[in-house]
Amino acid sequence: MADTLPKIIIDAKAMGRIVERIAHQIFEENGGSADLALVGVVTKGDLLAGRLHDAIKRIDGGDVPVGRLDITLYRDDLSGAGPNPLVRRTEIPFDITGLTVILVDDVCYTGRTTRAALDALMDYGRPTAIRFAVLVDRGHRELPIRPDYAGLEVVTRTEERVKVELAELGGKDRVWLLESGSDWVPGEE
Amino acid sequence: MGFVAKDLIAIEPLEAADIIAILDTAEGFLDVSRRDVKKVPALRGKTVVNLFFEPSTRTRVSFEIAEKRLSADTINFSSTGSSTSKGETLLDTVKNIEAMAPDILVIRHPAAGAAQFVADRTSAAVINAGDGRHEHPTQALLDLMTIRQKKGGFDGLKVTIVGDIANSRVARSNIFGLNKLGAKVTLCGPGTMLPNKHEALGVEVTSRLEAALEGADVVMALRIQKERQSTPTFPSDREYAKYFGLNSQVIDLCEPDVIIMHPGPVNRGVEISSNLLDGSRSVVLGQVENGVAVRMAVVYLLAGGVAQ
Amino acid sequence: MRLIVKGAHLVDPAQGIDGVRDVAVNGSTVIEVAENIETSSGDMVLDARGLHLFPGLIDIHVHFREPGQEYKETIASGSRAAAAGGFTAVAVMPNTNPVNDNAEITRFILEQAHVAGMCRVYPVGAISKELKGEDLASIGELADAGCIAVTDDGMPVSSSMLMRRGMEYAKGFNLTVISHCEDMSLAAGGCMNEGEVSALLGLPAIPAEAEEVMVARDIMLSRLTGARLHLAHLSTIGSVELLRLAKGYGLNVTGETAPHYFTLTDEKVRTFDAVYKMNPPLRSAHDMEAVRAGIQDGSLDAIATDHAPHAGDEKECEFEAAMNGVIGLETSLALALKLHFDHGVDLNRIVAALTCGPAAALGIPGGTLGPRKLADMTLVDMNEKWVVTPETFYSKARNCPFAGMELRGRVVRTITAGRTVYKDGSITAVNMGTAEILP
């Protein structure tokens, strides 16, 4: 069925449910909140990581450490034409060695951002395991990468664009599916 | 907004927003130098040539560390000769290096304008690591980064620069940067070390250290550049230290939370006393750490391959 | 056979003429200047209606680099550049290699000029041997061989005593002393003007006072010795004022400036392009205004180019390492006319500064087109606009700081000693090797 775009694929209520569900899945599989860490990819994954932190805390009161990771310096498209993208602060104020790190991002698409994030994380220490949580998995992978926790799996065309809005960034909590048009920005998956 | 340019030759032509963008980027790079694996793959496959026509250890090492932490391939080329002595001219050297297709050239040279000269004749990005008495933009950027970290901003800040300003590329770059960012700059030194037409620089000038230090938030001492003087500009080290040297007594005229900076290397006991340099108000070592981050930021930003 | 230049607007300040005149020439000499000269069948008539006619332009400050630096310029190439610029006479500075401090070099220069056959070349001898500022050169022999003045140009005579001796000695041989005014210790190896721009650029700088203190010294030495003094390439407010003062004293002192000093300022150095490097350096806008005013009020007697050719690599290097000097012969007239067109300077003053002014300063013939005077003249289309393109110059050198400028007023024909040496953009070879045009 040919839906007209843009359309909202996740609204605020659904997003709340997704965060709660993923928090519970992580908690179950890890057998609690001990030896767990959340690292979000800036600028939306880190906000989602913060929400997961709060949700896990509501389950058993555990205060899972949260970090933010800027993967710009690990991207594989830096040599392309055009100015280099801004580098934002990475803050992982704890040692990840020996922890199970949940890497959090808003959308999983080609897998290249995740590849960069994995490389970056490995430079910070040697975690016991890295698991991958996303709000939306839209397919079209170019690398053998798969999320362990996905809020919503949605079938998309490559010309389309998934746009995540979060209340912390001044919008509402919702996820759009858009025609990409000419304003598509690399990296904004 | 980012900083988009082919080269970084001088602070003078930059906008305040450009400087802020470089400083913001540099803050992001501090983290790389603080972790165990001090390397990111950002500039893999890029070639950086460090061209040093003037002896320098600090600046060259700082650039080299910055480049290596970005995974660039670095090549060092040192020569103390200039085209005035017999041998290869600067133009020849540039053409030769250009043929090796480097992405970035970092150049230090004893002649003002040498970096601009090279930049005009190569497609590589050029970073000025100090050209004669003209400018030393990355030193100013790391100083500005240090000031921002300690003071939170620049607006209305009183910054006093003491020493051989007329002969200092560090002072010149800092003056331009501080003016653009809203700080008030006061220069102090014997008349022989002050620039003749300081009006063009938009600064206050005095030869009385007490007046210059009163209420200062930041004090920057400059190295006495004996090697760049044709005729002596002060009678003796002793007299200089007496009237223009920073020590724990005169520094009390400044704001209580004053920070003391020095671009190094220091003539201890001449432009600054040892206990002041090693004391709690000194931010000299912070300057060195910021130096690597700032140079990483500049190399990274210029490696973006912006067409001219 | 007479040559009649008919219907041009003649500007000849020495005679107070500023109107349409016919000029009749017999051989290398003017025989008549009148509002209407009847032509007869044997006359060669040059229809110059709509054009301006000036006495042949005279540039009393050029460097032709021969002998010794023929890769930069030769007397032949420099002479062609002069002819193309409308100049029928030039004075060549002695800082060649070897230095023109002896009669042999002077004779060599005159011989080469004779072979070139484009314009009158007046050699200027050295004041001191090898321009070292130590011992007097053989000034008497230089005068006998054909030098019309002495100077150590390129270098000042730093010793006041040697300058005094040079003036006293030159006076006895009726030679003008040309002074390159620069206090070397105050200039301190600088390479641009000391001012707001140098404060921004950090280039070693030369204060205006480095020129002015020497101008003052040499004016006083001229008073002391009674020698005829000509001040070369004046570039500052103070220099122009001191020259005015000297003339007020009734001293036998003249002065020149160069087109770059009334056209450009030290702002140009911001590019670090060494094409803007010369000595004295480009000054401030205030200095430039003072130089223009000095031309307007006649304080400055001459516009001279200080034509200083250099090879490409001597300019394409670090600013501090680059050679001093710019070429100027092929742009001088149009830049001077720009003062008239754009800045209201009287055309008669400009023509005087390019003709009778410099002739009088060095006591050489020419500079006016009266009966029995030299048949040297320059025909100019005052309306033609053109863009400065150094690649097309007759000079060997390309170090021209005016490239790309649009100028108004172009030389249509240059006539030296009654013969056309340059016409409509091309050198004409008729004069090659003739003896007639020697001074």
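The rules behind each value
- Residues numbered from 1 in each chain as written.
- Chains lettered and ligands numbered in written order.
- Predicted model: local features only at pLDDT ≥ 70, side-chain atom pairs only at ≥ 80, totals over all residues.
- Heavy atoms only, no water.
- Helix = DSSP H or I, 4+ residues; strand = E, 2+ residues; numbered from the N terminus.
- Contact = heavy atoms within 4.5 Å.
- Salt bridge = Lys/Arg side-chain N within 4 Å of Asp/Glu carboxyl O.
- Buried < 20%, exposed > 50% of the residue type's maximum accessible area, 1.4 Å probe, protein only.
- Buried area = accessible area lost by both parts, 1.4 Å probe.
- Pairing = 2+ DSSP bridges.
- Axes fitted to C-alpha atoms, helices over the stretch in contact; angles between N-to-C directions.
- Parallel < 35°, antiparallel > 145°, perpendicular 65-115°, else oblique.
- Nonpolar A, V, L, I, M, F, W, Y, C, P; charged D, E, K, R; others polar.
- Polar contact = N/O pair within 3.5 Å; in protein donor to acceptor, adjacent residues only side chain to side chain.

Draft legend 1. Summary view of the environment of Phe244(B). Residues and elements named next belong to chain B. Tracing the backbone shows phenylalanine 244 in helix α8 (residues 237-244). Separated by 81 residues in the primary sequence, phenylalanine 244 and glycine 163 place their C-alpha atoms 7.2 Å from one another. Other than its neighbours up to four places away in sequence, phenylalanine 244 contacts Val162, Cys188, Gly189, Pro190, Ser207, Leu209 and Glu271.

Draft legend 2. Main features of the pattern of salt bridges. Per the counting criterion, the structure on display carries 43 salt bridges over all chains. For Asp173(A), the salt bridge is made with Arg51(A), and the minimal N-O distance between the two is 2.8 Å. With Asp173(A) in the loop between β7 (160-165) and β8 (174-179) and Arg51(A) in helix α2 (residues 45-60), this pair connects stretches of sequence that are 122 residues apart. In this pair, the class of Asp173(A) matches that of Arg51(A), namely buried. Of the charged contacts, one joins Asp22(C) and Lys6(C) as a salt bridge, the two residues approaching to 2.4 Å between their closest N and O atoms. In this pair, Asp22(C) is assigned in strand β2 (residues 17-26) and Lys6(C) in strand β1 (residues 2-12), connecting sequence segments 16 residues apart. Given a relative accessible area of 21%, Lys6(C) falls into the partly exposed group. Through salt bridges with shared partners, a single ionic network connects Arg157(A), Glu159(A), Glu160(A) and Glu179(A).

Draft legend 3. A look at the interface of chain B and chain C. Contact residues are listed per partner, giving 24 residues for chain B and 21 residues for chain C. Buried surface at the junction of chain B and chain C, both sides included, amounts to about 1800 Å², of which 57% is carbon and sulfur. When the buried surface of chain B facing chain C is broken down by residue, Ala112(B), Arg133(B) and Lys197(B) rank first, second and third, together holding 23% of it. Linking chain B with chain C are 2 salt bridges, by the criterion used here.

Draft legend 4. Quick look at the pairing of β7(A). Residue and element names in this part refer to chain A. Burial analysis of β7 places 5 of its 6 residues in the buried class, the great majority of the element. Pairing of β7 with β8, which is carried by 6 bridges, proceeds in the antiparallel orientation. Bridge pairing links arginine 161 to leucine 178 in β8.

Draft legend 5. Summary view of the packing of helix α1 (residues 16-34) of chain B against helix α5 (residues 137-151) of chain B. Residue and element names in this part refer to chain B. Here α1 crosses α5 at 75 degrees, and the two axes come no closer than 10 Å. The angle between α1 and α5 places the two elements in the roughly perpendicular class. Contact residues: α1 offers Ile19, Ile20, Ile22, Leu23, Asp24, Ala26, Glu27 and Leu30, while α5 offers Leu141, Leu144, Met145, Arg148 and Gln149. Of the residues contributing to the contact of α1 with α5, the split by class is 9 nonpolar, 1 polar and 3 charged.

Draft legend 6. Broad picture of the interface of chain A and chain B. Of the residues lining the interface, 18 residues belong to chain A; the matching set on chain B comes to 22 residues. Across the chain A-chain B interface, the total number found is 2 salt bridges. For Glu27(B), the salt bridge is made with Arg89(A), and the minimal N-O distance between the two is 3.0 Å. The interface formed by chain A and chain B contains 5 residue pairs in polar contact (both at pLDDT 80 or more). When its residues are assigned to classes, the side of chain A that touches chain B shows 9 nonpolar, 6 polar and 3 charged.

Nothing here speaks to function; it is geometry throughout.
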